[in-house]
Structure formats: structure tokens, C-alpha cells
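Structural description and commentary
Each chain, written out:
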Amino acid sequence: MSTENIEKQEYNITVYTENQIGLLTRIAIIFSRRKINIESLNTSPSEIESIHRFNIVITETREVVQKVCRQIEKQVEVLKVYFNTNEDVIWQEMALYKVPTEEIAEKALVERLLRENGARVVVIRSDYTVFETTGHREETDMLITKLQPFGLIEFVRSARIAIIKDSEGFNRKLREFERREPGHEPIENEYLNKGAKVFTM
Amino acid sequence: MDTAQKEQIAQEPKASVEMTGSVALLEGLIAEGVDTIFGYPGGAIMPIYDALYDYMDKLNHVLVRHEQGGIHAGQGYARTSGKVGVVFATSGPGATNLVTGLADAQIDSTPLVCITGQVFAHLLGTDAFQETDVINITTPVTKWNYQITDATEIPEVLAKAFYIAKSGRPGPVLIDITKNAQLQKFNFEGYVKCDHIRSYRPRPHVRQEYVQAAADLINQAKKPFILWGQGVILGSAEQEFKAFIEKSGIPSAWTVLGAGAIPTDHPLNVGMLGMHGNYGPNVLTNECDVLIAIGMRFDDRVTGRLDKYAKQAKVVHLDIDPAEIDKNVKTTVPVWGDCKETLPLLTELVEAKQHTEWLAKFNDYMRQEVEAVIKDELFPTSDELTMGEVIQLVNELTKGEAIIVTDVGQHQMVACRYAKFNNTRSNVTSGGLGTMGFSLPAAIGAKYGAPDKEVIAVIGDGGVQMTIQELGTIMQFGVAVKVLILNNQFLGMVRQWQQLFHDKRYSFVNITSPDYVKVAEGYRIPGQSVKEREALKAALKTMIEHEGAYLLEVMVTKENNVFPMVPQGCSVSEIRLK
Ligand SMILES: Cc1ncc(C[n+]2csc(CCOP(=O)(O)OP(=O)(O)O)c2C)c(N)n1
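- Within an unreviewed UniProt entry, the label attached to chain B reads Acetolactate synthase, and the organism entered is Paradesertivirga mongoliensis.
- The annotation that UniProt attaches to chain B under Catalytic activity (unreviewed entry) is "2 pyruvate + H(+) = (2S)-2-acetolactate + CO2".
- For chain B, the Sequence similarities (unreviewed entry) comment in UniProt is given as "Belongs to the TPP enzyme family."

- Chain A is annotated in an unreviewed UniProt entry as acetolactate synthase of Paradesertivirga mongoliensis.
- In UniProt, chain A has this text filed under Sequence similarities (unreviewed entry): "Belongs to the acetolactate synthase small subunit family."
- As recorded by UniProt, the Catalytic activity (unreviewed entry) comment attached to chain A reads in full: "2 pyruvate + H(+) = (2S)-2-acetolactate + CO2".

Set out below in C-alpha cells:
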């Protein structure tokens, strides 16, 4: 058994769904029932009108992720589920930081701070300033540490959004789904994936 | 005009007719071929009941005594008829009373469409009288659910509900309809059945290369072993299954819900799997070289300790639900698909064989089990009656033609182990959820689903007191079910565990009973109670021959245990005979 089956790591789960009230609950309880913490959840439109896309991040073993994904895909209004490790996706999270303008203007080398952290200013008011960064967790976290000494007032980070590197998008899949024939979706199976030698006894 | 054409026309949009949401709902049910509804009225579903008043000649509504009884009746109906069970309940308490049945139907893959009334749409979320968030309460225990707030949605949603409930791996669906939608008038454009939802793929594509891979494994096997479950019955694949095992000559064992898919007496039927299953099938699970699972889901009551389950075997798993593949037991070759479709393909590719020696092993173990357990259970020498001998006599008197609806506990295991089934859809029980109180209402539904069959509810003295109110339904509608109470004066199965695993510390397992014969009499149902062997057969005969409903209480040994038993946490091969 490969180590990814027993070692936990971050997985990015991408779910294509119909836009239906109640579906969020149906998906969420698949995790909560198994006592799996959802670390990040984003719902958004997809490349196709009327088709919704969920991005969910959990830290689990591959085996658990695979089982959970099959349960999600089983839901009537779910079209397709993919799961990927961080290496397989391009992902971003966005963060906003509110700091007192006076403090930051006086004590920090604002320009350098922004440049070094790929941040930009969203709002400047006399009482506070709001910065924004977009990037991976470590990057958004780093700026918190840096801003803490200047009296960080408020911090918020968005859910993760991720694009699958080797995905061709969902258009062709959808056309397949719209046909009446049974789906050709292969189901991953550890043994079959390894090919012929499995069947000799 | 042939029927297909007629159907086509019936489905073609007619000139639109103005009607209320309630009437459209009933029209839809009729279009789906529904003839029986189990239900209970109340404030939020009154418009539907009002519409029903004009449909009494077309829709047979059975007024149950509790919504849990209604949904279990719906389940019993679905299980014996193969059709979708339909249940009505009002909002709030009516709807929450359905939850146990929904969970039961979900885990046992029983097709149901439940309609609940809901408060007016403008009152949603205001804690209105009898408002509960039924959709969110039932989400984990339904295959699909939906709230309708506008009458125009009714035909389409109902069609979807029936399609989802019965296609693929069946399951319960709930539609919650707000009162305004029930009352609202709209232009009904005809009812079109649903046969496709783009996000829902009930029938996986069968991959021939996997069928071939499975056949190769089976053809090389020296000790192949088949486990079958309810999937064979749900897929109406009994004939295909029989053809497969007969050609391949492979010994086959069943899960509790698979019982009856082929006749009990079939020479390749080697018995029941699991915690109280037969000796051979459990022990030999850990000796076979290829395990072929068909329409079963490796429930923990079947597998015992997983890390010691069939580790030596290659596993072929035929299932319609892709989420079942590798869920509990790692599969070597998954053959996902409807087994009605996959089994013939597999049969075609397997070599005709007889595994005489291997089969003889099962029979050896069976002989040991007969000596150690079965003989005393079915033909006891002690004075007191056993549950097994009652079932044995039922077999004798009904010749295996009856539908047996069991509750949960020792009597359930005894009935499943010993009842003889000649026909499919004859064993109705709460398998996955183990719901006490299931049997009596489920038997009512079972009788409606198979009116020409003898339906016998086998119930413990604990379980019968959970839904005993349904005797009222039996009385009012003259449902000819036979109620057979096996009274051991204990919550027997829990007592057995307390005896075996808790040093006989009997904590709240003593249960007293009313005079059941008198209770039945109060409901105008004849009955009797027996405790002597001499009277037993005649009493059972009276019960079976009686035209209408009948209640028979049999006083059985108080402290008998069901064996064999795979203790929890043990491997199937550690099954105990005593
Ligand atoms: C609704 C519900 N509550 C509790 C249980 C736990 N339970 C399982 S078997 C059993 C005892 C059943 O006793 P009885 O109906 O007398 O049948 P017996 O085992 O004696 O045949 C109990 C309490 C259950 N399965 N279902």
C-alpha cells in the first residue's frame, strides 16, 4: 500500500453540482457524520452557467477522501467529484487585514511591507487602512505576523479556491451527462490500476 | 392501439386543466400506478386529504394509528410488491414520526415516496404551529428530499421523486408541500414520468473488461464462495442469479436481507452469513480463495472483525452503488452495475463446474451445527417450547409459501435462520437499522403488497409493545395478517448479551406483557395463547387457517440463546456454537 493511503495530507475536493437549495447540507453532513473537519469551503459558479462548483479542503488519508468523494458523488444533484493533492492544483486564498493608519504610517516601511508580501492597499482612511494579499496559507499567515506589532485590528481569510491542473473543464463531461446512456466513469480501484498481474493466482 | 402507445398518449401534455396542487398530486400518484397509500391526516395536509375524498375509488388510503406505523407499512408494501411505498403525514409531529422509518428504508434501500404537509410558505421559519424543519431533519435519512412551495412544481417534482426512489439503488424520498401550494390553483399540463436527471446516474455503465477479469478469477478458483444480498431481489435478478450459481456450481450464502432470493432448499444454498448465521459460511469465509459478493454491502454484522475477514481471498464485488466498492472490504475486481445486467454477462464467461469437495465442506460444518445447535432448537427434548420449533411448524404448515415479517431480536434471528422460503420477496425484516416495532405495521403493508399470500408477523414481546396500536389498523381495514408473538418474557437479545458479555447482570431486560389475547379481543381480533407443545401445532393451524387477522402468543423458554454467534469484535471464523 502506498504511503498516501495511510498518511494524512491536505486534499482539495472539487464538486460540480446543480444549483439546489439544501445541497450544501447534504454535502456537509457527509463530512460531519464521519467527524471530519472541513477546513475550507467555497461555493461558486463554474465555467458553465447553472452548474455550481464547491471547493472543499480537508486533511485526511487518500483512502478516506476517496470514500467520502464517492458518497458525495452519490447525491442526486451532484454531477461529479474530483479530489486532488495540493501539487495537483493551482490554489489561492485571499486575506484582508485592517490596521490603524496612524500606527502603520508612522512606524512601518509600508511600501516595503507591501512589496515583500505581494500585498496591496484596498482602503486608506484616516482611522484605518485595509491591506489585501492573495496566495498560499504561509503567505497570508506571514503578513499577520508582520502586522501584529502595528495593532492589527481585524483579519479575515477567504476559503480556498483551486483550479485542477490537468482538468479540461466540465463542458464535455456535461454533454455526456445530458445523454441518457449510463456513464462511462471509471471507478478507481487499487488492484485494477496495477493491471494484469493481479489476476494470476 | 398497444399499451405503449396508450401510455404515450396518457403522458402527452393534454390541454391544460385548472386544478389545485392537491388534486395534481393525486393525479400524479395515479399516473405512477399508485393504488395504496398509508397515512395520517392533520392540519398542514388537510387540502390533500380533502382532495382524497373525491379519489376514494381510485386510491386506497389506509389510516394507520401512528405515522411510524404508516411508514413501516409503506416499507412492507414496497418489499413484497416491488413497487414504491407511498406515505402521507402532516407537518411537525406527523413528519418527525416518519424519521425512524426513513432511516430504516434508507439503510435497507427500500423505495418510498413520503408526502408531508407543511405550514404556509409565508410562515416558514417563524416557529409557526406544527412547523418543523422537515427537510433538514430528514436529509441524512433520505435518498432525496424537496420542499414544494408552489403548486406548479408538483407534477415535475413528484415524477422525479418516483424515479429517484425506485431507480439505481432504491431508497426513500420525501416531499414536503406547503399548505398554500396544496391549495393553489394552477394549469395542470399533464403528468410526464421522469426517466432522466442529468446529475444522477443510477445505472453505471458495465465494463466488459471487468466482467472478464471477474470471470477469469472465478474460473481459476478452487474454493470460490458467493455471498448474496438484497441487491439480487431489488434488481429482480433472481433468475439470473440462479443461472449463475447453477452454471458455476459455487456454494452460496445469504445476508439476512437476501434470504429467499432463491429457495431455501436449493442445493447450492449453504446458509446464512453473519453474527447469527450458519457455521460453515462464516468459518469458510476465511478459507475460500475467491469471494464473490453480489448486491451486498459487507455490513459489520456480516463481516465481524474486518482485519481478519477473508484476508486470504480475492474479492469480486458486484454492486449497483459505486460507493459500496472498497467501502468496507477491499475489492480485487469491482463489477459495478445492475446485477440483472452483469450476472448474465458473467454467467456467459464462467466455466460450468461442480465444486463437489468444497461444497461437501459446507455440509460437514452444517452437520456439526445440526448436532450442536439446530437439533435442540428445532426438536427440543425439554418441556419448554423453543422459538425454533415454532418456526419449524410454521414451515411445515405453510410449506415455505408464507411471507414472514419479523421484528428485531432473538426471534428475528431464529426466524431468518430457520424459516423456509420458496419465493423471493417473502422475508421482510428490518436489517440495517434493527428497528423494534417494525414487524406489525410492516406486515400490514406486506399484506397489501401481496394480498394473495399468507403474511405472518413474527414478533417478540418487547417489539410488539412498541407499535401494538397498529392492531387498530388491522381491525378497521380487516387486514388478514397473522400476528405470532414469541414471548420469552425478556428483551431476549439484550438479555443474551448481558448473560454472555456482562456477567449475567440483567439490567432492565425483564419485560412484562399485557394479556395479548384480551388486547386483541379489544380490537375484535381473535387469538389464543399457548405454552404446551401438545397445543402448539393445532394453534398454529388455527391461526393459519383463520380467514382474517389472528393473534397467537406462544410462551417460549425464557433464557434461550441464539447460536451460533460471532461475538462482536471477533473474526467470522471465531464463531461460537455455544
Ligand atoms: C427501537 C429499538 N430499541 C431498542 C433496540 C435494542 N434491542 C435490540 S433487540 C432487543 C430486544 C428485543 O426483545 P423482544 O422484542 O422481546 O425480542 P426477543 O429478542 O426476546 O426475541 C432490543 C431492546 C432496538 N433494536 N430497537
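Having put the structure on the table, let's press on.
A word on the overall build of chain B
- Along its length, chain B carries 23 helices and 20 strands.
- For 578 residues, the compact-globule estimate of 2.2 N^0.38 gives 25 Å, and the C-alpha radius of gyration of chain B, at 24 Å, lies within 12% of that figure.
- Of the contacts made within chain B by residues no fewer than 6 positions apart, 77% connect residues no fewer than 24 positions apart.
- Accessible surface computed for chain B: about 21500 Å², of which carbon and sulfur atoms make up 51%.
- Counting 53 positive and 67 negative side-chain charges, chain B places the centres of these two groups 4 Å from one another.

A short note on a negative patch on the surface
- A cluster of like negative charges, contributed by B:D383, B:E384, B:E532 and B:E534, occupies part of the molecular surface.
- In this structure, B:D383 sits in the loop between α16 (356–378) and α17 (387–398).

Comments concerning empty space enclosed by the protein
Residues and elements named next belong to chain B.
- By the definition in use, this model includes four cavities of 30 Å³ or more.
- Volume-wise, the largest cavity comes out at about 80 Å³.
- Residues belonging to the lining of the largest cavity are distributed by class as follows: five nonpolar, six polar and one charged.
- Of the voids in this model, the second largest cavity is the one considered here, and its volume is about 70 Å³.
- Forming the boundary of the second largest cavity are R79, Q230, I233, L257, A259, R425, N427 and V428.
- A breakdown of the residues in the lining of the second largest cavity according to their chemical character gives four nonpolar, two polar and two charged.
- Each of domain 2 (208–361) and domain 3 (383–555) accounts for three or more of the residues forming the lining of the second largest cavity.

Some thoughts on the domain arrangement of chain B
Residues and elements named next belong to chain B.
- Split into domains, chain B comes out as domain 1 (3–188), domain 2 (208–361) and domain 3 (383–555).
- Inter-centroid distance (C-alpha atoms) of domain 1 to domain 2 is 36 Å.
- At the junction of the two partners, domain 1 supplies seven residues and domain 2 supplies seven residues.
- Summing both partners gives a buried area of about 640 Å² for domain 1 against domain 2, and 54% of it is carried by carbon and sulfur.
- Among the residues domain 1 hides against domain 2, the three largest losses belong to R79, D108 and R169. Together they make up 64% of the total.
- At the junction of domain 1 with domain 2, the criterion picks out two salt bridges.
- The residue D321 makes a salt bridge to R169 at a minimum N-O spacing of 2.9 Å.
- In the side of domain 1 that touches domain 2, the residues fall into two nonpolar, two polar and three charged.

A word on the side chain of B:T255
Residue and element names in this part refer to chain B.
- The residue T255 is located in the loop between β10 (252–254) and β11 (269–272) in this model.
- A relative accessible area of 10% places T255 in the buried class.
- Setting aside chain neighbours within four positions, we find T255 in contact with W228, G229, Q230, L273, M296 and V302.

Thoughts on the UniProt feature "domain: Thiamine pyrophosphate enzyme N-terminal TPP-binding" (unreviewed entry) in chain B
- Annotation from UniProt places "domain: Thiamine pyrophosphate enzyme N-terminal TPP-binding" (unreviewed entry) at residues 19–135 of chain B.
- The annotated region residues 19–135 of chain B carries 41% helix and 19% strand content, and the separation between its end C-alpha atoms amounts to 26 Å.

Side note on the environment of B:V562
Residues and elements named next belong to chain B.
- If you trace the backbone, V562 turns up in the segment after β20 (550–555).
- Residue V562 is classed as buried on the basis of its relative accessible area of 5%.
- Along the primary structure V562 and V373 are separated by 189 residues, whereas in three dimensions their C-alpha atoms are 8.9 Å apart.
- What V562 contacts, discounting residues up to four positions off in sequence, is H276, Q410, M413, V414, R417, M493 and Q496.

Observations regarding unusual backbone geometry
- For the bond running from B:F563 to B:P564, omega is -5°, close enough to zero to count as cis.
- As for its placement among the helices and strands, B:P564 is situated in the segment after β20.
- Here A:S50, not a glycine, exhibits a phi torsion of approximately 80°, which is positive.
- Along the chain, the position of A:S50 falls in the loop between β2 (40–45) and β3 (51–60).
- Residue A:S50 is classed as partly exposed on the basis of its relative accessible area of 43%.
- Backbone geometry places B:Q489, a non-glycine residue, at a positive phi of 60°.
- Structurally, the position occupied by B:Q489 is in the loop between β18 (481–487) and α21 (492–501).

Overview of the pattern of salt bridges
- Within this structure, the stated rule accounts for 45 salt bridges over all chains.
- One salt bridge in this structure joins B:E32 and B:K166, with 3.7 Å as the shortest N-O distance. With a gap of 134 residues between them, B:E32 in the loop between α2 (21–31) and β2 (36–39) and B:K166 in helix α8 (residues 154–166) connect regions that are remote in the sequence.
- According to the relative accessible area criterion, B:E32 is buried, its value standing at 12%.
- Accessibility expressed as a relative area gives 44% for B:K166, which makes it partly exposed.
- Put simply, A:E10, A:E93, A:R137, A:D141, A:R157 and A:R160 are held in one network by salt bridges that share partners.

So, the site of the ligand
All names here are of chain B.
- Neighbouring residues of the ligand: 18 residues in total, closest Q410, H411, G434, G463 and G492.
- M436 has a polar backbone atom sitting 3.3 Å from a nitrogen atom of the ligand.
- G492 is positioned such that a nitrogen or oxygen atom in its backbone is 2.8 Å from an oxygen atom of the ligand.
- Within the complex, the protein chains bury 76% of what would otherwise be the 580 Å² of accessible surface of the ligand.
- No other element matches α21, which puts three residues into the shell around the ligand.
- Class assignment for the residues of the shell around the ligand results in eight nonpolar, nine polar and one charged.

Brief notes about the packing of aromatic side chains
- Enumeration over the complete set of coordinates arrives at 19 aromatic pairs over all chains.
- Ring centres of A:F170 and A:F177 lie 6.0 Å apart, and the angle between their planes is 45°; on these two criteria the pair is classed as tilted.
- Looking at A:F170, the relative accessible area reads 0%, which means it is buried.
- Relative accessible area serves as the criterion here: at 0%, A:F177 is assigned to the buried category.
- When the ring centre of A:Y128 is taken as origin, the NZ or CZ atom of A:K98, which lies over that ring, is 4.8 Å away.
- Over the ring of B:Y210 we find B:R207, and its NZ or CZ is 4.7 Å from the ring centre.

Reading the values: rules and limits
Residues numbered from 1 in each chain as written. Chains lettered and ligands numbered in written order. Predicted model: local features only at pLDDT ≥ 70, side-chain atom pairs only at ≥ 80, totals over all residues. Heavy atoms only, no water. UniProt positions renumbered as here; feature names shortened; annotations may be inferred. Helix = DSSP H or I, 4+ residues; strand = E, 2+ residues; numbered from the N terminus. Rg over C-alpha atoms; globule rule 2.2 N^0.38 Å. Contact = heavy atoms within 4.5 Å. Areas by Shrake-Rupley, 256 points an atom, 1.4 Å probe, with all protein chains shown as cover. Lys, Arg positive; Asp, Glu negative; His and termini not counted. Charge placed at Lys NZ, Arg CZ, Asp CG, Glu CD. Patch = residues over 30% accessible without salt bridge, like charges linked within 9 Å, V, L, I, M, F, W, Y side chains within 5 Å. Salt bridge = Lys/Arg side-chain N within 4 Å of Asp/Glu carboxyl O. 1 Å grid on protein atoms, 1.4 Å probe; cavity = no way out; pocket = protein on both sides within 12 Å on 5 of 7 lines; lining within 4 Å. Points joined across faces, edges and corners; volume = space filled by probe spheres on them. Nonpolar A, V, L, I, M, F, W, Y, C, P; charged D, E, K, R; others polar. Domains from an automatic or database assignment. Buried area = accessible area lost by both parts, 1.4 Å probe. Buried < 20%, exposed > 50% of the residue type's maximum accessible area, 1.4 Å probe, protein only. Near = heavy atom within 4 Å. Polar contact = N/O pair within 3.5 Å; in protein donor to acceptor, adjacent residues only side chain to side chain. Phe/Tyr/Trp six-rings, centres within 6.5 Å; stacked < 30°, edge-to-face > 60°. Lys NZ or Arg CZ within 6 Å of the ring centre and 35° of its normal.

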